[in-house]
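Residue-level listing of the chains:
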Amino acid sequence: MTEPFVHDLAPARPPTIPGLGRPLRDHEMVISMGPQHPSTHGVLRLELVVDGEIVVDVIPHMGYLHRCFEKHCEHMANYQQVIPYVDRMDYVAAMNMEFGYVVAAEKLLGIRVPERVEYIRVIMAELSRIVSHLIAIGTYGMDIGAFTPFLYCMRDREHVLDIFERACGARLLYNYMWVGGLSHDVPVDFAERVKAFCRYFRPNIKELNDLLSHNKIFIERTANVGVLPQEVAINYACSGPILRGSGVKWDLRKNDPYSVYDRFDFDIPVGRGEHGTVGDCWDRYMVRVREMEQCLNIIEQAVDQLPEGNVQEAIPKRVRPPKGELYLRTESPKGELGYYLVSDGTPSPFRVKVKSPCFVNLSALPAISRGAMIADIVAILGSIDIVLGEVDR
Amino acid sequence: MKEFLLEALSNEILVYSLMAIVPLLWVIPFALFAVWWERKISAHMQDRLGPMRTGSWHGWAQTIADILKLIQKEDIIASAADRRLFKLAPYVVFAGSYATYAAIPFSSAYVGSELNIGIFYIIAVSSIVVIGLLMAGWASNNKWSLLGAMRSAAQIVSYEVPVALSILAVIMVAGTLDMQAINEAQSGPFWNWFVFQKFPFLFFGAAIYIVSSLAEVNRTPFDIPEAESELVGGYHTEYGGMRFALLFLSEYANMFAVSAVATTLFFGGWNSPLGDVLSGPWWGAFWFLSKGMAFIFVQMWLRWTLPRLRVDQLMYVAWKVMIPFSFVVMFGVGLWIMLAS
């Protein structure tokens, strides 16, 4: 329907801003941040209602990267074919996406995988967590204006990608973990390479801390900014580093162990408000840095215990899962990644629903960014660490 | 130099035009070099190589290729932009930054215009840049540009206060506003430079000047007017092609201008650090440009190391840290001079 002509005249009342629920006041203006903006980490659009530099409200608009992932899965011939799709959700931590899916699918299909597979999966998932956190930290530095840490992170990431490449041939989207096993066994020098990486990477975390984490300007920009109190974080169902940054010790690898995580000894870093309030951007950032150290601990233990075996012996040729449904959650680098699988007894999945941590964490953004400045929005969004491929699916 | 040219050419207009062009002969090659240099510095700080192919030797021709690309680009003006202001802004910005070169003494034999209020003139005309930036931001009719322009106006105006106060301390010591006279007052070995005089007051004065000058030229950690992660491109978001190149050029020209002022006021200008050894007009130019380039290097070094401040923190630093300290410096120097006389 076309607008009535009277619209061209001065309206009697200023139009209400959808999402804000009221017209703009004097001195307020709406700025569209994204979908093409350097700091929205993809095609996210934030509608900012600003009063000068002060942000009055943030209205996120999602869906620019929606690819009907869940619908596609319903048309796959079997559960195996879904894996390339889950790779493309959180494309910077594809291993973790696969891990969650295969664990859920195996439980639904009633498959027990060999020990070796479990250990290799844990090693790969933790390496992938390091990669994901490196990107989160690096791009966060870039959001704050420090360009150099980003390239240091990318340099270290490269070493992990080399390990992945030698294992499965791919560097970003692996299709490595299959339901019931792995696409390939790891190469012969895998253990040495992974250990060499751990030795190489530990000092680099210290370098990163010196360069960025404890930089006075960085602390000024992130401490006491975007404070997410514990109860708000829980009410918004935040998970992962966001929740732990607010001081809640909740990690599914410890609290609801899956695979072989109960066999490893590691800590769960939580935000302590060292430079400001518990739950500020610095805490969320630092939880990631400390988690990388814990990942190295897990990886070293897993490599030492790596058993022998055939990684493909449990891969099913043709299965008909029993009728039923299942929800299984794993700890992805961004938080609680849940797969809700519904089977109608046919080989192809009836429904694959993903509980995406980024989507949930992003929903807390407006609550913690009201009253902040435009530069803080960038800092808060970066500390939430979203990947739009997973938010929109 | 002016006298020499007047004798040789005996045409005043020609001579003055030549005198005005001399800094341009430095600024344009300098900007081309500095862009390449910044890329190389940032690359080596970040475990990269930077441009390596263009021109075969370490990508030396990269910026020349970039300029050629920018010249060929279509001249785009957003349909909602204020066309006249939009076109005018880059020239105003460049004129503002180039005008400062008139009073910068490159050597004992060359200063564009021998003003007896040289440093005063420099402080005054460098403020014209703000008008250009505001014009660019406003005329773009883009909210991000406008925010960038507003930020830069607030920032440059605020930081001019500590800059002026720290310069005032030097002027009290030198007793003149003439740039060449300030240079001559620092002649001799390097401990005669003003940065080491009235220790430690002028030393802190130099530090305040250098930090504030970073804000004046929108360099990290004070690059909030063009903070690409917040404001996309700040005031030059909507600019492309040659207009963008002109804004970019004036940015680098400004960088050298503030470095040159720091060199002249605090680090002996064209004086050789060894006193009479290696001095003279040509060596003077060499020392002046080397010292200026050293400051450029420091600016780049900081840029690729530090994060960026937030706009309110920037104002906090200016009004609550820099300005009180520069008053202390000025007061200390004044007291010293009074007690010594």
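Enquirer: Break down the overall build of chain B for me, citing the residues and quoting the values.
Expert: Scanning chain B from terminus to terminus reveals 13 helices and 2 strands. What you see for chain B is a C-alpha radius of gyration of 20 Å, in line with the 20 Å of a compact globule of 341 residues. Counting every position in chain B, which comprises 341 residues, the buried fraction comes to 47%. In chain B, once contacts between residues fewer than 6 apart in sequence are set aside, the share between residues at least 24 apart is 77%.

Enquirer: Outline the sheet that holds strand E10 (residues 351-355) of chain A, listing residues and values.
Expert: Residues and elements named next belong to chain A. Taken in spatial order, the 3 strands make up an open sheet running E8-E9-E10, and their pairing is antiparallel. In this open sheet, the two edge strands, each paired with only one partner strand, are strand E8 (324-332) and E10. Going from strand to strand, the sheet's axes swing by 15° on average, the running direction of each strand aside. On the sheet, helix H3 (residues 94-109) packs against E8 and strand E9 (335-343) and is oriented at approximately 150° with respect to E8.

Enquirer: So what's going on with helix H5 (residues 118-126) of chain B? Which residues, and what values?
Expert: Residues and elements named next belong to chain B. Within H5, the full set of buried residues consists of Gly118, Ile119, Ile122 and Ser126. All buried residues of H5 lie within an arc of 95° about the axis, which places them on one face of the element. Considering only its buried residues, H5 is in contact with helix H4 (83-99), helix H6 (128-139), helix H7 (143-174), helix H8 (179-185) and helix H11 (241-266).

Enquirer: Let's hear about the sheet that holds strand E4 (residues 45-51) of chain A: which residues, and what values?
Expert: Residue and element names in this part refer to chain A. Strands sit in the order E3-E4-E5 across an open sheet of 3 strands; the sheet is antiparallel. Only two strands of the sheet have a single partner each, and these edge strands are strand E3 (28-33) and strand E5 (54-61). Neighbour-to-neighbour, the strand axes of the sheet open up by a mean angle of 20°, direction not taken into account. Here 6 bridges tie E3 to E4, and the two strands are oriented antiparallel to one another.

Enquirer: Outline the environment of Leu296(A), supporting the account with residue identities and numerical values.
Expert: Residue and element names in this part refer to chain A. For Leu296, the location among the structural elements is in helix H11 (residues 281-305). For the pair Leu296 and Ile123, spaced 173 residues apart in sequence, the C-alpha to C-alpha distance is 9.3 Å. Beyond its immediate sequence surroundings of up to four residues, Leu296 is in contact with Cys198, Phe201 and Arg202.

Enquirer: Kindly report on the interface of chain B and chain A, identifying the contributing residues and their values.
Expert: Facing 22 residues of chain B, the contacting portion of chain A comprises 27 residues. Taken together, the elements giving at least two residues each to the side of chain B that touches chain A come down to helix H10 (228-231) and helix H13 (311-340) of chain B. Split into classes, the residues belonging to the side of chain B that touches chain A amount to 9 nonpolar, 5 polar and 8 charged.

Enquirer: I'd like a rundown of the packing of H7(B) against helix H9 (residues 201-216) of chain B, residues and numbers included.
Expert: Residues and elements named next belong to chain B. The geometry of H7 relative to H9 is characterised by a closest axis approach of 9 Å and an angle of 150° between their N-to-C directions. The angle between the axes of H7 and H9 places the two elements in the roughly antiparallel class. Crossing of H7 against H9: the hand is left-handed. Between H7, through Gln155, Ile156, Tyr159, Pro162, Val163, Ser166, Ile167, Ala169, Val170 and Val173, and H9, the contact on the second element is made entirely by Phe201, Leu202, Gly205, Ile208, Tyr209, Ser212, Ser213, Ala215 and Glu216. Along the lines of polarity and charge, the residues of the contact of H7 with H9 split into 13 nonpolar, 5 polar and 1 charged.

Enquirer: Can you break down H4(B) residue by residue, with the values?
Expert: All names here are of chain B. In this model H4 runs 25 Å from its N-terminal to its C-terminal C-alpha over 17 residues, within 8% of the 24 Å that 1.5 Å per residue would give. Of all the bends in H4, the largest measures some 30° and sits at Ala89, one to four residues before the proline Pro90. Taken together, the buried positions of H4 are Phe86, Ala89, Pro90, Val92, Val93, Phe94, Gly96 and Ser97. Against the buried residues of H4 lie H5, H6 and H11.

Enquirer: Now, about the packing of helix H4 (residues 115-144) of chain A against helix H14 (residues 374-384) of chain A: what can you tell me, with residues and values included?
Expert: All names here are of chain A. Running from amino to carboxyl end, H4 crosses H14 at an angle of 180°, the nearest separation of the two axes being 9 Å. The orientation of H4 relative to H14 falls into the category roughly antiparallel. Side by side, H4 and H14 meet where Thr139, Tyr140, Asp143 and Ile144 of the first sit next to Val378, Ala379, Gly382 and Ser383 of the second. Taken together, the residues of the contact of H4 with H14 break down into 4 nonpolar, 3 polar and 1 charged.

Enquirer: Report on the environment of Ala136(B), specifying residues and quantitative values.
Expert: Looking at where Ala136(B) falls in the secondary structure, it is placed in helix H6. Residue classification places Ala136(B) among the buried positions, given that 30 C-beta atoms sit within 10 Å.

Enquirer: Which residues make up unusual backbone geometry, and what are the values?
Expert: Phi is positive for Asn224(A), which is not a glycine, with a value near 65°. The residue Asn224(A) is located in the loop between helix H7 (216-222) and helix H8 (230-235) in this model. One non-glycine residue, Asn141(B), lies in positive phi territory at about 55°. The topology assignment puts Asn141(B) in the loop between H6 and H7.

Enquirer: Break down the pairing of E4(A) for me, citing the residues and quoting the values.
Expert: All names here are of chain A. As judged from the 7 bridges shared by E4 and E5, these two strands associate in the antiparallel manner. Each residue of the ladder has a partner; that of Val50, found in E5, is Val55. Adjacent in sequence and paired antiparallel, E4 and E5 are bridged by 2 residues, among which Gly52 carries a positive phi angle near 70°.

Enquirer: Please set out the environment of Asn235(A) residue by residue, giving values where relevant.
Expert: With respect to the helices and strands, Asn235(A) occurs in helix H8. Overall, the presence of 11 C-beta atoms within 10 Å leaves Asn235(A) in the exposed class.

How each quantity is defined
- All residue numbers refer to position in the chain's written sequence, counted from 1.
- The order in which chains are written sets their letters, starting at A; the order in which ligands are written sets their numbers, starting at 1.
- Confidence filtering applies because this is a predicted model: local features only for residues at pLDDT of at least 70, side-chain atom pairs given and counted only at 80 or more, and all residues used for totals across whole chains, interfaces and linings.
- Runs of E in the DSSP output that reach at least two residues are strands. Runs of H or I that reach at least four are helices, and both are numbered from the N terminus.
- Put simply, the radius of gyration uses C-alpha atoms, and a globule should come to 2.2 Å times the residue count raised to 0.38.
- Burial is judged by counting the other C-beta atoms within 10 Å of a residue's own C-beta: 20 or more makes it buried, 12 or fewer makes it exposed, and any count in between marks it as partly exposed, with every C-beta position built from the backbone.
- We call two residues in contact if the C-beta atoms placed from their backbones are at most 7 Å apart.
- Pairing between two strands requires that DSSP report at least two bridges joining them.
- Only the stretch in contact is used when fitting a helix axis, every axis being a line fitted to C-alpha atoms; angles between N-to-C directions are given from 0 to 180 degrees.
- What the arc measures is the spread of directions leading from the helix axis to the C-beta atoms.
- Residues are sorted three ways: Asp, Glu, Lys and Arg are charged, Ala, Val, Leu, Ile, Met, Phe, Trp, Tyr, Cys and Pro are nonpolar, and all the rest, Gly among them, are polar.
- Comment on the angle field: the value is read as roughly parallel under 35 degrees, roughly antiparallel over 145, roughly perpendicular from 65 to 115, and oblique elsewhere.
- The hand of a helix crossing depends on one turn: near helix anticlockwise from the far one by less than a right angle means left-handed, and clockwise means right-handed.
- What a helix should span is 1.5 Å times the count of its residues minus one.
- To get the bend at any residue, fit one axis to the seven residues that end at it and another to the seven that begin at it, then take the angle between the two axes.

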